[in-house]
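Architecture and fold: a report
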Amino acid sequence: MPAVLIDGTAIAARVRDEVAERVHRYRERTGRAPGLATVLVGDDPASLVYVGRKRRLAAEAGMTDQHRHLPADASGSSIAAVLDELAADDAVSGILLQLPLPNRMASGPLIERIPTWKDVDGLTTLNAGLLARGEPGLRPCTPSGVMRLLAETGAALEGRHAVVVGRSELVGRPMAQLLLERHATVTIAHSRTRDLAALTRQADVLVAAAGVPGLIGAEHVTPGAVVIDVGIHRTDDGLVGDVRTAEVAEVAAAITPVPGGVGPMTIAMLLSNTVVAAERRAAAGRARPVAASGVPAS
Ligand code: NAD
């Protein structure tokens, strides 16, 4: 039976509509708009496109757009200075440092300069720790987008076996934790996993985030599974994912296409995180002064 295609483009548009509505209410309450600041270092063509899209959709949702573009040879301290300036700016609700940085510059120390409450990519150590502990915080956008796709698909998670292929900080690990939060039984596979197909065939929900084009075929999927393809690869035949979509669609109950699956959700969840960040900050400001940690000072 051919699988249902999960329409990430339509679901992302719905999320952005919800965000625009929340932005509207926030403006009515506070008299100003949430602000998204994007920081781009260098001129990588793909990053230019991604940042341009994030800025455009943030503006369409009614947010203010602050953008900083630094040259590819910008020093770590000059990038840090820009992040510090945005961190101190009350008009900025969320800060996004576009990754990867050029020349293999380490992003970790720079990301840590972003205040937890403005970390709309959910990548700081503190937000990762809050997620690991199951406490409220800003969650990484791509895995959050996958959770929304699963919710919209009506995929059962509680007690079901979810297999995540990939263990990166950006996707695999937070993905596994979000699935765990929803009471799935979660297995993480990675590059050293033996007999990947034997493992993934046990999955009721399979999330492929290995960054290997066409890694997952029909032999990896049990009939009736829900398959989410996070991978994005530019090839001569256009964009493809980690999943061989046509053959897996013959086995799975539901599957995300590439393009038009997870991709559009990532930006939608970034916008959602930005409005959430603004709302939480406004609420914390109304309640008590906020300490440097982002936790209201007691
Ligand atoms: P990454 O390279 O940081 O991590 C890949 C992970 O996959 C690693 O943990 C590795 O152990 C595992 N892996 C590699 N080969 C494997 C194999 N043969 N079998 C099992 N596991 C294997 O990549 P990432 O940042 O997590 O991204 C993964 C993919 O998702 C990439 O294609 C990336 O472009 C895509 N991506 C898409 C979006 C989006 O918005 N749709 C966002 C982020 C990443």
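The structure under discussion appears in the preceding block.
Cut-offs used in this document
Residues numbered from 1 in each chain as written. Predicted model: local features only at pLDDT ≥ 70, side-chain atom pairs only at ≥ 80, totals over all residues. Heavy atoms only, no water. Helix = DSSP H or I, 4+ residues; strand = E, 2+ residues; numbered from the N terminus. Contact = heavy atoms within 4.5 Å. Pairing = 2+ DSSP bridges. Right-handed = clockwise from strand over helix to strand, strands pointing away. Axes fitted to C-alpha atoms, helices over the stretch in contact; angles between N-to-C directions. 1 Å grid on protein atoms, 1.4 Å probe; cavity = no way out; pocket = protein on both sides within 12 Å on 5 of 7 lines; lining within 4 Å. Points joined across faces, edges and corners; volume = space filled by probe spheres on them. Nonpolar A, V, L, I, M, F, W, Y, C, P; charged D, E, K, R; others polar. Buried < 20%, exposed > 50% of the residue type's maximum accessible area, 1.4 Å probe, protein only. Arc of directions from axis to C-beta.

**Remarks on the environment of Pro174**
Mapped onto the elements, Pro174 comes out in helix 7 (residues 172–181). Spatially, the C-alpha atoms of Pro174 and Ser144 are 8.7 Å apart, while their sequence positions differ by 30 residues. The contact partners of Pro174, leaving out residues within four places of it in the chain, are Leu131, Pro140, Pro143, Ser168 and Glu169.

**So, the pairing of strand 6 (residues 185–189)**
The pairing of strand 5 (residues 161–165) with strand 6 spans five bridges and is parallel. Across the sheet, residue Ala162 finds its bridge partner in strand 6, namely Val186. You can see the chain leave strand 5, run along helix 7 and come back into strand 6, and the turn it takes is right-handed.

**Some words on the sheet that holds strand 11 (residues 254–255)**
Ordered in space as 1-11-8-7-5-6, the six strands form an open sheet in which the pairing is parallel. The two strands at the open ends of the sheet, each matched to only one other strand, are strand 1 (4–5) and strand 6. Pairing analysis gives four bridges linking strand 7 (residues 205–208) to strand 8 (residues 226–229), with the strands arranged parallel. Bridging across to strand 8, Ala208 finds its partner in Asp229. Where helix 6 (residues 141–153) meets the sheet, its contacts fall on strand 7, strand 8 and strand 11, and the angle it forms with strand 8 comes to roughly 150°. Contacts from helix 7 reach strand 5, strand 6 and strand 7, with the element oriented near 170° to strand 5.

**Concerning the layout of surface pockets**
What the largest pocket holds in volume is close to 1300 Å³. Of all elements in the fold, only helix 1 (8–30), helix 2 (45–60), strand 4 (94–97), helix 6, strand 9 (233–235) and helix 10 (262–287) reach the threshold of two or more residues within the lining of the largest pocket. Looking at the lining of the largest pocket, the element that brings in the most residues is helix 2, giving eight residues. Taken together, the residues of the lining of the largest pocket break down into 27 nonpolar, 13 polar and eight charged.

**What about helix 5 (residues 125–132)?**
Turning to helix 5, its buried residues number three or more, namely Asn127, Leu130 and Leu131. The arc that holds every buried residue of helix 5, seen down its axis, measures 100°, which confines them to one face. Residues Thr125 and Ala132 are exposed on helix 5 and point more than 90 degrees away from its buried face. Residues of helix 5 that are buried sit in contact with helix 7. Immediately beyond the C-terminal end of helix 5, within one or two residues, lies Gly134, with a positive phi of roughly 75°.

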